[in-house]
Amino acid sequence: MAKEDLAVEAGEKQEPARRLASTFAELGICKELVEACDLMGWKEPTRIQAEAIPHALQGKDLIALAQTGSGKTGAFALPILQELLENRDVQHSFFACVLSPTRELAIQIAEQFEALGAAIGLRCSVLVGGVDRMQQVLSIGKRPHIVVGTPGRLLDHLTDTKGFSLRKIKYLVLDEADKLLNVEFEKALDDILKEIPKDRRTFLFSATMTKKVNKLQRACLRNPAKVEASSKYSTVDSLKQEFYFVPADYKDCYLLHVLNERRESMIMIFVRTCESTRLLALMLRNLGLKAMSISGQMSQDKRLGALNRFKAKDCNILICTDVASRGLDIQGVDMVINYDIPMNSKDYVHRVGRTARAGRSGYAVSLVNQYEAQWFVLIEQLLGKKIDQCKVDPDEIMILKEPISDAKRIALTKMKDSGGHKKRRKLGDDDDEVEDHAHSKRSKPFKKSNRR
Ligand code: AMP
């Protein structure tokens, strides 16, 4: 077996595929779309694109195993857009439907469709929960070519929005199918599948081939071509991974130490609970850092607001739960911190996949305490390699103890106060207020030298 094939079997890389096809034109992509790829900065196809696109252009159903960051959106969007272009004279509205498990991912998929289809006047509707339905009805009224949605809201519109039907769609894409098959989406997904014509192409993209995905594949795909970019859970070579072994009581001090070392970085911090996202964000802002939180308990507007401010580099630290670990593609994230170690090792791979994307470098650091060490060992086993340990002079850490406990106390008081208004406030609704405080003159980023 060629060396390159072995590397793929071992799941080592998500690199542009050289031996398969080195240009989009070679894959059979038409001139307009090659130009669109060029404008996106896509010089050559990624492996999943090189594997999947030829089958898709031949009109086959697809089952693709591809991880986040592999370029999988392009792998399904380009063939769909190409067929749309080839059938210019037919009535195109509601040509394809893409289902995604999370709202943010749906928005991101639509953004990629719109960017690739900008020159051909592509219309796209995003139908996700947590945002104004009337705007979505208006957008459906414009008869979009592509509908991207989360199952619940899409089904709501299918049931309630006059004139909206998916009976004529030519393509159905299930992105992150392993997640879409969770029990929370089961009923909606079944109901949507009943509304969609049997005579269609189906593309099923999944990070893993679970039993449920296998079952869905049998139920809904016709003699699919199977492609995969990586057969194992793996991280890219351009990602540097390290960990600190930290006493549970001093984890915040280590966090501040790590943040102090990387002041200019664009950082995502992963924690286990929604409450912790907010507590950490408040605490870090009390220390003068530009941090925002995003979690499933925040209103959708707030979630998008925080995400957009982070993308716009208004703040350089985004604290999140695993809601943001899958699929989110935020340009420029150069560091991921695992504040809490995930119990499910696969979540680690999804989290650290937020950095070192599309061939760029990145850094992931994990703060492992005595209770989490067992989960970290499982992560190393999944990756099939040891992660380097970082050490730091304990005195340096102790200096941070006092400012951390002050900042945490103020944050806890703030959370307790706003807890009284829980009925009319959703988690994170006071973020802007605190953000202003963080930017006030009183609040200067804490440096160790302040205390020396
Ligand atoms: P995805 O896996 O679809 O979320 O894509 C991850 C990132 O890779 C996105 O920022 C894409 O714009 C980027 N991307 C997709 N295809 C290519 C390509 N052929 N070359 C370079 N970047 C790409």
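Looking up the protein chain in an unreviewed UniProt entry gives the name RNA helicase, with the organism given as Panicum hallii var. hallii. Entered under Sequence similarities (unreviewed entry) in the UniProt record, the comment concerning the protein chain runs "Belongs to the DEAD box helicase family. DDX47/RRP3 subfamily." According to its UniProt record, the protein chain has this under Subcellular location (unreviewed entry): "Nucleus".

This part is about the sheet that holds strand β7 (residues 225-228). Sheet architecture is open: seven strands sit in the order β3-β4-β2-β5-β6-β1-β7, paired in parallel fashion. In this open sheet, the two strands that pair with only one neighbour each are β3 (124-127) and β7. With strand direction ignored, the average angle separating the axes of adjacent strands in the sheet is 15°. Pairing of strand β1 (residues 62-65) with β7 involves four bridges; the strand directions are parallel. By the bridge assignment for β7, Leu-62 is matched with Ala-225.

Two pairing modes exist for strands in a sheet, parallel and antiparallel, and in both the strands are linked by backbone hydrogen bonds. Taken together, the seven strands give an open sheet; going across it, the order is β10-β11-β9-β12-β13-β8-β14, and neighbouring strands pair in parallel fashion. The open sheet has two edge strands, β10 (291-294) and β14 (388-389), and neither has a second partner. The strands touched by helix α14 (residues 300-311) within the sheet are β9 (267-270), β10 and β11 (317-320), with β10 carrying the most contacts at an inclination of about 140°.

Around the ligand there are 16 residues in total, and Glu-44, Gln-49, Gly-71, Thr-73 and Asp-329 lie nearest to it. Between the ligand and Gln-49 there is a distance of 2.8 Å, counted from a nitrogen atom to a side-chain nitrogen or oxygen. Considering the ligand on its own, with 490 Å² of exposed area, one finds that the protein chains cover 88% of that surface. No fewer than three residues from each of domain 1 (19-228) and domain 2 (239-442) sit in the shell around the ligand.

Along helix α8 (residues 151-160), the positions that sit buried rather than exposed are Pro-151, Arg-153, Leu-154, Leu-155, His-157 and Leu-158. Among the structural elements, β2 (96-99), β3, α7 (133-141), β4 (146-149), α9 (177-180) and α10 (183-194) are those in contact with the buried residues of α8.

Tracing the backbone shows Asp-340 in the loop between β12 (335-338) and α15 (345-352). The side chain of Asp-340 sits in the buried core without any salt bridge; Lys-251 is the nearest counter-charge, 4.1 Å away. Residues in contact with Asp-340, not counting those within four places in the same chain, are Lys-251, Phe-270, Val-271, Arg-272, Arg-351 and Glu-372.

Relative to the assigned elements, Ser-366 resides in strand β13 (residues 362-368). A residue is classified by how much of its surface remains accessible, and Ser-366, at 0% relative accessible area, is buried. A distance of 3.2 Å separates a polar atom in the side chain of Ser-366 from a polar atom in the side chain of Asn-338. Not counting residues up to four positions away in its chain, the partners in contact with Ser-366 are Glu-242, Phe-243, Tyr-244, Asn-338, Ile-341, Tyr-348 and Phe-376.

What follows concerns the packing of helix α12 (residues 251-261) against helix α13 (residues 274-286). Packing of α12 against α13 brings their axes to within 12 Å, and their N-to-C directions diverge by 55°. Of the possible angle classes, the one that applies to α12 and α13 is oblique. Along this stretch, α12 crosses α13, giving a crossing that reads as right-handed. Facing α12, whose interface residues are Asp-252, Leu-255 and Leu-259, α13 presents Leu-280, Met-283 and Leu-284. The residue inventory of the contact of α12 with α13, partitioned by class, reads five nonpolar, no polar and one charged.

On to the nonpolar core. If you look at the biggest cluster of nonpolar residues, it comprises 46 residues, and the most contacted ones within it are Leu-78, Ile-80, Phe-113, Ile-146, Phe-203 and Phe-205. Broken down by element, the residue count for this core peaks at eight residues, all from helix α5 (residues 72-86). Look past the residues within four positions of Phe-205 in its chain and what remains in contact with it is Ile-48, Leu-62, Ala-64, Lys-72, Ala-75, Phe-76, Val-173, Leu-174, Asp-175, Glu-176 and Ala-177. Listed in part, the 36 residues of the second largest apolar core include Cys-253, Leu-279, Leu-289 and Ala-407.

Taken as a whole, this structure holds 20 salt bridges when the rule is applied. The salt bridge partner of Glu-104 is Arg-303, with a shortest N-O separation of 2.9 Å. Here Glu-104 is found in helix α6 (residues 103-116), whereas its partner Arg-303 is found in helix α14, with 199 residues between them in sequence. Across the pair, Arg-303 and Glu-104 agree in class, each one buried. Between Lys-386 and Glu-380 there is a salt bridge, with its nearest N and O atoms 3.4 Å apart.

Reading the values: the criteria
Residues numbered from 1 in each chain as written. Predicted model: local features only at pLDDT ≥ 70, side-chain atom pairs only at ≥ 80, totals over all residues. Heavy atoms only, no water. UniProt positions renumbered as here; feature names shortened; annotations may be inferred. Pairing = 2+ DSSP bridges. Helix = DSSP H or I, 4+ residues; strand = E, 2+ residues; numbered from the N terminus. Axes fitted to C-alpha atoms, helices over the stretch in contact; angles between N-to-C directions. Contact = heavy atoms within 4.5 Å. Near = heavy atom within 4 Å. Polar contact = N/O pair within 3.5 Å; in protein donor to acceptor, adjacent residues only side chain to side chain. Areas by Shrake-Rupley, 256 points an atom, 1.4 Å probe, with all protein chains shown as cover. Domains from an automatic or database assignment. Buried < 20%, exposed > 50% of the residue type's maximum accessible area, 1.4 Å probe, protein only. Lys, Arg positive; Asp, Glu negative; His and termini not counted. Salt bridge = Lys/Arg side-chain N within 4 Å of Asp/Glu carboxyl O. Parallel < 35°, antiparallel > 145°, perpendicular 65-115°, else oblique. Left-handed = near helix turned anticlockwise from the far one by under 90°. Nonpolar A, V, L, I, M, F, W, Y, C, P; charged D, E, K, R; others polar. Core = buried A, V, L, I, M, F, W, Y, C linked by side-chain atoms within 4.5 Å.

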